[in-house]
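Understanding the architecture of this molecule
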Amino acid sequence: MTVRRVRRSQTVSPFGVGAIIDVAGESFVAEDAGRWPWHEDVTMPRLTEILGVREIGTAPQGGSLPYYRFPQWLFCPGCRRMERWSTAREKKNAAPSCETCPGRRLVPMRFVAICGNGHLTDVDWWRWAHSSGFGRSGGPCRHSRLAFETSGGVGGGLRSTQVRCLSCGAARSLENLPAKDSLRRVGQGCPGRQPWQTDSESSRCEQQLRAVQRGASSVYFPRTVSAIDLPPDSDWARRNDPAHRLRENSDFRRLVEEPNKRRAERLEFISEDTGIATDEIERQLDRATRHEDVATVSRSEDDIAPEEWMALTDPPKIVDSRDNFQARVTKMHASAAGGRLAPVASQLEYVVTEVTRVERLREVRVLRGFERHTMEQEVHANLSSRNGLLPAVEVLGEGFFLRFNEEALASWEQRPRVADRARALTRRLDARPEFGWLPTATPRFLLLHTFAHLLLRQTAFEAGYSTSSMRERLYVTNPKGGPRMAGILIYTAAGDSEGTMGGLVRLGDPDLLVRLVAGALAAARWCSFDPVCGESSGQGPHGLSLAACHACALVPETSCVTSNRLLDRSLVLDEEFGFFREVVAAVESAYGAGPQ
């Protein structure tokens, strides 16, 4: 028996709707949320309004989600025969096996076909095998058996592998398969759908298919939206209010939309689910159907960061221990550290004005959709309804928030060399339309983003967390408008017990924070790849980072808001124009070669 498991948090990313997942030698693709049999509601009114959906939900605890076997073309490692699998042949908890080789499990083919509109399909291996010039006309061998073979004496790589027709002998190696127009040349067009969809659900697509390995990064780009639960919605008093609990109940919302459909039955079910009396549910239902007390605030994704910025810089003074957002602000002051670190604290006071210890937070991440290949079009995570259920996961954690000196930052941004480095990355972004999802490469963003990475790496040593269990959250002034913002939030991102150890909040104490920053700056001062890294004119994918590499500034991509792009260590540390240059000088004076 084959047991296939995936963590609930992974159903949003990296194995969310449209993603290919390998499990115990088998390969599957996650079906859209419209096909989920059931789910558990996730409550966050602000986020559902921003996304324009009725509900967001997480995979059921201990339940199951639909994953479709893909690619459907499989082959036997023993006899090398290929099989096109179908859902009709599936057996519960059993992997496909070869009919001619007892006990041999079939292996998925390595290549799949994708297009810029987000569609995914199998490579037409029959067309490929018969495109070599022999057996091209089809006829009796149209539905013949194929074999995936390796050849000797021709070197390694794809040239040594071929697909051969067992009826007519037509064969072609995979050498030219990854070429840009290889599938178009053999007559394969885009079907305009996802693998789990039927032909009746397809749409016309003129995009050219591209053959890629199924594990290639271009196969799947998830588009997620996350938000922190903020007052008053995060307050226990609000969450425990009967009216609020009912508004967030999916069955109650359906009853509001169809008040006369199975009314008595639904009222009883809602009462059992919420513990609220049916009379109270009736009263709230009447108010909801008359649209009383309905707020008409229009929000967009651009409003998420400013709203969180306000809560982090001015959190509630009085909190309940059951509130989902609990934070305290502390002024950064020169007396935060003594001894040899006193000069460091004095300099740090000028660049970081406040520290917010976030003792408890709740983050909700939602999978809005995904893209593939050249990212021409985003595919919605629910293909059955534009405003229907979207996959989500909630995380409880902790962290600390740093607020930067706006006056000092605004002055620093005007320095010519600072602006030049930012413009270099901006030009590269403008030349790559597929990176339109990335933020504008302003000096402020590059600085805060890089410094957040340095803090993440150092925090892994100081607090004992793994780097992948933490995340960054950046609050940067939007060039299109909005409040002036300059802050970073470092917080736990793992949805398990590791997110509640308390060590991360403790690092928000000013005395410990001075030591943390000093260690981060000292560690990043010299990279093991310097001077190559420090003098680089472009690193990472498409040169979208400058002085930043794996040895000094990169973190796990799940912890980064831009997948390790738009980083520049020089804007933080450079002796002439680095924003922290005075702090770095104080650190070097205090520690010499580095902290001990």
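The structure under discussion appears in the preceding block.
Presented here is a report on the structure given in the accompanying data block. (Residues numbered from 1 in each chain as written. Predicted model: local features only at pLDDT ≥ 70, side-chain atom pairs only at ≥ 80, totals over all residues. Heavy atoms only, no water.)

1. A closer look at the overall build of the chain
- Helices and strands together make up the secondary structure of the chain, namely 17 helices and 21 strands.
- Computed over C-alpha atoms, the radius of gyration of the chain comes to 28 Å, within 12% of the 25 Å expected from 2.2 N^0.38 for 596 residues, which places it in the range of a compact globule.
- Seen along its three principal axes, the alpha-carbon backbone of the chain occupies a region of about 85 × 75 × 45 Å.
- Across the 596 residues in the chain, those meeting the buried criterion constitute 51%.
- A separation threshold of at least 6 residues defines the contact pool for the chain, and within that pool the share at least 24 residues apart is 70%.
- Between the centroid of the 78 positive side chains of the chain and the centroid of its 75 negative side chains there is a distance of 8 Å. (Helix = DSSP H or I, 4+ residues; strand = E, 2+ residues; numbered from the N terminus. Rg over C-alpha atoms; globule rule 2.2 N^0.38 Å. Buried < 20%, exposed > 50% of the residue type's maximum accessible area, 1.4 Å probe, protein only. Contact = heavy atoms within 4.5 Å. Lys, Arg positive; Asp, Glu negative; His and termini not counted. Charge placed at Lys NZ, Arg CZ, Asp CG, Glu CD.)

2. Observations concerning the pattern of salt bridges
- Here the structure, examined in full by the defined rule, presents 43 salt bridges.
- Between Asp314 and Lys317 there is a salt bridge, with the nearest N and O atoms lying 3.2 Å from each other. Per residue, the accessibility class of Asp314 equals that of Lys317, and both read exposed.
- For Asp530, the salt bridge identified is with Arg569, shortest N-O distance 3.0 Å. Highlighted residues: Asp530 in the loop between α15 (510-525) and α16 (570-573) and Arg569 in the loop between α15 and α16, separated in sequence by 39 residues. (Salt bridge = Lys/Arg side-chain N within 4 Å of Asp/Glu carboxyl O.)

3. Regarding the side chain of Gln194
- Tracing the sequence through the fold places Gln194 in the loop between α3 (182-185) and β14 (210-213).
- With relative accessibility at 2%, the residue Gln194 sits in the buried group.
- At a separation of 2.8 Å, a polar atom in the side chain of Gln194 contacts the main-chain carbonyl oxygen of Gly118.
- Not counting residues within four places of it along the chain, the set of residues in contact with Gln194 comprises Gly118, His119, Leu120, Phe370, Arg372, Val379 and Leu383. (Polar contact = N/O pair within 3.5 Å; in protein donor to acceptor, adjacent residues only side chain to side chain.)

4. Points about the sheet that holds strand β6 (residues 73-75)
- Spatially, 3 strands are ordered β7-β6-β8 in an open sheet, and the strand pairing comes out antiparallel. On the outer flanks of this sheet lie β7 (82-84) and β8 (107-108), each paired with one strand and no other. (Pairing = 2+ DSSP bridges.)

5. Examining the sheet that holds strand β1 (residues 20-23)
- Here we have 3 strands laid out as an open sheet, ordered β1-β2-β5, and antiparallel in their pairing. Strands with a single pairing partner mark the edges of an open sheet, and in this sheet they are β1 and β5 (67-69). Taken over all neighbouring pairs, the strand axes of this sheet differ in orientation by 40 degrees on average, direction set aside.
- As defined by bridge partners, strand β2 (residues 26-30) adjoins β5 across 3 bridges and the pair is classed as antiparallel. Note that in β5 the partner of Val29 across the bridge is Tyr68. (Axes fitted to C-alpha atoms, helices over the stretch in contact; angles between N-to-C directions.)

6. Details of the packing of α15 against helix α17 (residues 581-591)
- Taken N-terminus to C-terminus, the directions of α15 and α17 make an angle of 90 degrees; their axes are 10 Å apart at the nearest point. By the criterion of interaxial angle, the relationship of α15 to α17 is roughly perpendicular. Of the residues in α17, those touching α15 at Arg515, Ala518, Leu521, Ala522 and Arg525 are Val583, Val584, Val587, Glu588 and Tyr591.
- Grouping the amino acids of the contact of α15 with α17 by side-chain chemistry returns 7 nonpolar, no polar and 3 charged. (Parallel < 35°, antiparallel > 145°, perpendicular 65-115°, else oblique. Nonpolar A, V, L, I, M, F, W, Y, C, P; charged D, E, K, R; others polar.)

7. Quick word on the nonpolar core
- Counting residues in hydrophobic clusters, the biggest one holds 77 residues, and the most contacted among them are Leu402, Phe404, Phe451 and Phe580.
- It is helix α13 (residues 443-462) that contributes the most residues to this core, 10 residues altogether.
- With 33 residues, the next largest nonpolar core counts Ile114, Ala227, Val364 and Leu390 among its residues. (Core = buried A, V, L, I, M, F, W, Y, C linked by side-chain atoms within 4.5 Å.)

8. Some thoughts on the pairing of strand β11 (residues 146-150)
- Across the 5 residues of β11, 4 count as buried, placing the element largely inside the fold.
- In the sheet, β11 pairs with strand β12 (residues 161-165) via 5 bridges, with the strands oriented antiparallel. By the bridge assignment for β12, Glu149 is matched with Gln162.

9. Focus: the environment of Arg8
- Mapped onto the fold, Arg8 is located in the segment before β1.
- The spatial distance from the C-alpha of Arg8 to the C-alpha of Thr43 is 16 Å, given a sequence separation of 35 residues.
- Those residues in contact with Arg8 that lie beyond four places of it in its chain are Glu40, Thr58, Ala59, Pro60 and Gln61.
- At 3.0 Å, the side chain of Arg8 forms a polar contact with the backbone oxygen of Ala59.

10. Description of unusual backbone geometry
- Omega for the peptide link from Phe70 to Pro71 comes to 0 degrees, which places this bond in the cis form.
- The phi dihedral of Ala24 is positive, around 50 degrees, even though this residue is not glycine.
- Mapped onto the elements of the fold, Ala24 is located in the loop between β1 and β2.
- Owing to a relative accessible area of 53%, Ala24 belongs among the exposed residues under this scheme.
- You will see that Leu566, though not glycine, has its phi angle at about 65 degrees, which is positive.
- Along the chain, the position of Leu566 falls in the loop between α15 and α16.
- A residue is classified by how much of its surface remains accessible, and Leu566, at 0% relative accessible area, is buried.

11. Some thoughts on the packing of aromatic side chains
- Under the counting rule described, the total for this entry stands at 10 aromatic pairs.
- Centroid distance Trp412 to Phe579: 5.5 Å. Interplanar angle 70 degrees. Geometry classified as edge-to-face. Pair noted here: Trp412 is in helix α11 (residues 406-413) and Phe579 is in the loop between α16 and α17, with a separation of 167 residues, a long-range link. Like Phe579, Trp412 is buried.
- An aromatic cluster of at least three residues, connected via ring pairs, comprises Phe404, Trp412, Phe451, Phe579 and Phe580.
- In this arrangement the basic side chain of Arg172 is found over the ring face of Trp128, its NZ or CZ atom lying 3.9 Å from the centre.
- One Lys or Arg, Arg525, reaches over the ring of Trp526 and ends 5.2 Å from the middle of that ring. (Phe/Tyr/Trp six-rings, centres within 6.5 Å; stacked < 30°, edge-to-face > 60°. Lys NZ or Arg CZ within 6 Å of the ring centre and 35° of its normal.)

Bear in mind that shape data such as this cannot, by itself, settle questions of function.
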